[in-house]
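# Breakdown of the fold
Letter by letter, the chains look like this.
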Amino acid sequence: MCEPMNERIREVEPADVPALVRLCAEHAAYERCDYEPSGKAEMLSEHLFSPCPALFCLMVENERGEIVGYATFSREFSTWSASYFLHLDCLYLGPESRNRGLGRSLIWAVSRRALELGCRQVQWQTPNFNEGAIRFYRRLGAKEKTKLRFFLDEPEMKALTINIPEKTQ
């Protein structure tokens, strides 16, 4: 796809999935989150390599053929804009690959894929303590919105569905 320095950015291949799981664990640790790798390789493979993939991934490979970074994304629909956007779920580069132009190259490659997928926007989030990423995104010209991201894990979802008020059924 593109080759900044001696690294190259390319589409994920099935053989890359173990490296992707390893990088996901590194990324989670970097963002101060828990990560359980068990079963992730199988689940990621299912969603990356199905006939209608739910997830897309670009890998960063160094001159020695080692995977040193990745970006994962999916196509989503916005009710407000009545159009598709690309949700950049993860963008991560290992410490040795940062500050070399690879982040900009990954964003370029993701943006190109967004246009190919008919998306009018790329959206992502980063933790508010990740000041380096925030500076980088602002330098790219990215706009920001202040929102809180909420989520329900499976136990909470199950608890809610057990105690559904009659008015919502």
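Attention in this report is confined to the structure presented alongside it.

Each value, and the rule that gives it
- Residues numbered from 1 in each chain as written.
- Predicted model: local features only at pLDDT ≥ 70, side-chain atom pairs only at ≥ 80, totals over all residues.
- Heavy atoms only, no water.
- Helix = DSSP H or I, 4+ residues; strand = E, 2+ residues; numbered from the N terminus.
- Buried < 20%, exposed > 50% of the residue type's maximum accessible area, 1.4 Å probe, protein only.
- Contact = heavy atoms within 4.5 Å.
- Areas by Shrake-Rupley, 256 points an atom, 1.4 Å probe, with all protein chains shown as cover.
- Lys, Arg positive; Asp, Glu negative; His and termini not counted.
- Charge placed at Lys NZ, Arg CZ, Asp CG, Glu CD.
- Axes fitted to C-alpha atoms, helices over the stretch in contact; angles between N-to-C directions.
- Parallel < 35°, antiparallel > 145°, perpendicular 65-115°, else oblique.
- Left-handed = near helix turned anticlockwise from the far one by under 90°.
- Pairing = 2+ DSSP bridges.
- Salt bridge = Lys/Arg side-chain N within 4 Å of Asp/Glu carboxyl O.
- Patch = residues over 30% accessible without salt bridge, like charges linked within 9 Å, V, L, I, M, F, W, Y side chains within 5 Å.
- Polar contact = N/O pair within 3.5 Å; in protein donor to acceptor, adjacent residues only side chain to side chain.
- Arc of directions from axis to C-beta.

Our next topic: the overall build of the protein. The number of helices and strands found in the protein is 5 helices and 5 strands. Seen through its principal axes, the protein has C-alpha atoms that stretch 60 × 35 × 35 Å. Every one of the 169 residues in the protein was classed for burial, and the buried ones make up 36%. Looking at the protein alone, contacts between residues at least 24 apart form 57% of all its contacts between residues at least 6 apart. For the protein, the accessible area works out to roughly 11500 Å², and carbon and sulfur atoms hold 54% of it. Across the protein, the 22 positively charged side chains and the 24 negatively charged ones have centroids separated by 9 Å.

Turning to the packing of helix H1 (residues 17-30) against helix H2 (residues 40-48), a few remarks are in order. Axis separation between H1 and H2 bottoms out at 9 Å; the angle between their running directions is 115 degrees. The angle between H1 and H2 falls in the class roughly perpendicular. Crossing handedness for the pair H1 and H2: right-handed. Mapping the contact onto sequence places Val-17, Leu-20 and Val-21 in H1 and Lys-40, Ala-41, Leu-44, Ser-45 and Leu-48 in H2.

All right, on to the pairing of strand E2 (residues 56-61) then. In terms of burial, E2 is a largely internal element, 6 of the 6 residues being buried. Where strand E1 (residues 8-11) lies against E2, 4 bridges are found, and the strand directions are antiparallel. Bridge pairing links Glu-11 to Leu-58 in E2. Strand direction decides the pairing type here: E2 and strand E3 (residues 67-78), joined by 6 bridges, are antiparallel.

Turning our eyes to something else, we now look at the pattern of salt bridges. Tallied over the full model, the rule gives 13 salt bridges. A salt bridge links Arg-10 to Asp-16; the shortest N-O distance between them is 2.6 Å. Judged on exposure class, the residue Arg-10 and its partner Asp-16 are both buried. Here Arg-113 and Glu-116 are joined by a salt bridge, their closest N and O atoms 3.3 Å apart. Placement of the pair is Arg-113 and Glu-116 together in helix H3 (residues 102-116), with a separation of 3 residues, close to one helical turn. Overlapping salt bridges, with partners in common, bring together Arg-8, Arg-10, Glu-13, Asp-16 and Glu-61 in one network.

Next up on the list: a nonpolar patch on the surface. On the surface, a cluster of nonpolar side chains totalling about 290 Å² of accessible area is made up of Leu-152, Met-157 and Leu-160. Residue position: Leu-160 is located in helix H5 (residues 154-162).

Moving on, we come to the environment of Ser-50. Positionally, Ser-50 belongs in the loop between H2 and E2. Here the side chain of Ser-50 touches Cys-52 through a polar contact of 3.1 Å, landing on its backbone oxygen.

Topologically, Ser-83 is positioned in strand E4 (residues 83-93). Polar contacts involving the side chain of Ser-83 include one to the side chain of Ser-81, which spans 2.9 Å. With sequence-adjacent residues up to four places away left out, Ser-83 is seen in contact with Glu-76, Phe-77, Ser-78 and Arg-120.

Turning our attention to helix H4 (residues 131-140). Along H4, the residues classified as buried are Ala-133, Ile-134, Phe-136 and Tyr-137. The buried residues of H4 all sit within an arc of 165 degrees when viewed along its axis, so they share a single face. Looking at H4, the residues exposed on the side facing more than 90 degrees away from the buried face are Glu-131 and Arg-139. Contacts from the buried residues of H4 go to E4 and H3. Gly-141 sits one or two residues past H4 and shows a positive phi near 95 degrees.

That's the geometry; what it means functionally is another story.
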